[in-house]
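Residues per chain are reported as follows:
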Amino acid sequence: LQYGCLVWVQTFLATHGASKDHQMVVGLITRCLQIVLGLPVGWLSDIVGVGWMMTISAGLTMISGLPLWCVVASHPANLLATSLAFGLGFGLLGTLTGSILFHFIVEMFPTE
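Here is a short report on the structure shown in this document.

Calculation criteria
Residues numbered from 1 in each chain as written. Predicted model: local features only at pLDDT ≥ 70, side-chain atom pairs only at ≥ 80, totals over all residues. Heavy atoms only, no water. Axes fitted to C-alpha atoms, helices over the stretch in contact; angles between N-to-C directions. Helix = DSSP H or I, 4+ residues; strand = E, 2+ residues; numbered from the N terminus. Parallel < 35°, antiparallel > 145°, perpendicular 65-115°, else oblique. Left-handed = near helix turned anticlockwise from the far one by under 90°. Contact = heavy atoms within 4.5 Å. Phe/Tyr/Trp six-rings, centres within 6.5 Å; stacked < 30°, edge-to-face > 60°. Buried < 20%, exposed > 50% of the residue type's maximum accessible area, 1.4 Å probe, protein only. Core = buried A, V, L, I, M, F, W, Y, C linked by side-chain atoms within 4.5 Å.

### Some details on the packing of helix H3 (residues 20-48) against helix H5 (residues 79-98)
Orientation of H3 relative to H5, taken along the N-to-C sense of each, is 30°, at an axis distance of 8 Å. With respect to H5, the axis of H3 lies roughly parallel. Considering the relative orientation of H3 and H5, their crossing is right-handed. Residues His22, Val25, Val26, Ile29, Thr30, Leu33, Gln34, Leu37, Gly38 and Val41 of H3 form the contact with H5, whose participating residues are Leu79, Thr82, Ser83, Phe86, Gly87, Leu88, Gly91, Leu92, Gly94, Thr95 and Leu96.

### Digging into the packing of aromatic side chains
For the structure shown, the criterion picks out four aromatic pairs. A centroid spacing of 5.6 Å and a plane angle of 35° characterise the contact between Trp8 and Phe12, whose relative ring orientation is tilted. A residue pair is termed a helical-turn pair when its members lie 3 or 4 positions apart in one helix, as Trp8 and Phe12 do in helix H2 (residues 8-15) at four residues. We classify Trp8 as partly exposed; its relative accessible area is 39%. Residue Phe12 is classed as buried on the basis of its relative accessible area of 10%. A centroid spacing of 4.8 Å and a plane angle of 55° characterise the contact between Phe12 and Trp69, whose relative ring orientation is tilted. Remark: Trp69 occurs in helix H4 (residues 50-74) and Phe12 occurs in helix H2; sequence separation between them is 57 residues. We classify Trp69 as partly exposed; its relative accessible area is 24%.

### Focus on the nonpolar core
In terms of nonpolar packing, the biggest core is built from 13 residues, with Cys5, Val9, Leu13, Leu68, Val72, Phe86 and Phe90 touching the most fellow members. Looking at this core element by element, the count peaks at four residues for H5. Met53, Met54, Leu96 and Ile100 belong to the second largest nonpolar core, which has six residues in total.

Below you can see the structure in the form of structure tokens.
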């Protein structure tokens, strides 16, 4: 999700007519959402459990990944469509999966 969504989609937008400012706005929305939601998602994973959060984030990615990509692919030069689908949609998915991935790996291999 980190490379395919947050890096490669910028190149996709550039080759399909999005301006540099358009790409910057969409990327900033995504990254700012990840920064703002990082701590609440981490707190929620402490309450619910990292395994459950990984399951929930994987399920949400499975359900919403293709529809969000279809919006981006069909309207790559539309700032509103890409801001909502890529910026907010993939930003939320990236926060859910990326914020707790390393915590999940640490719990899989305890040192004690």
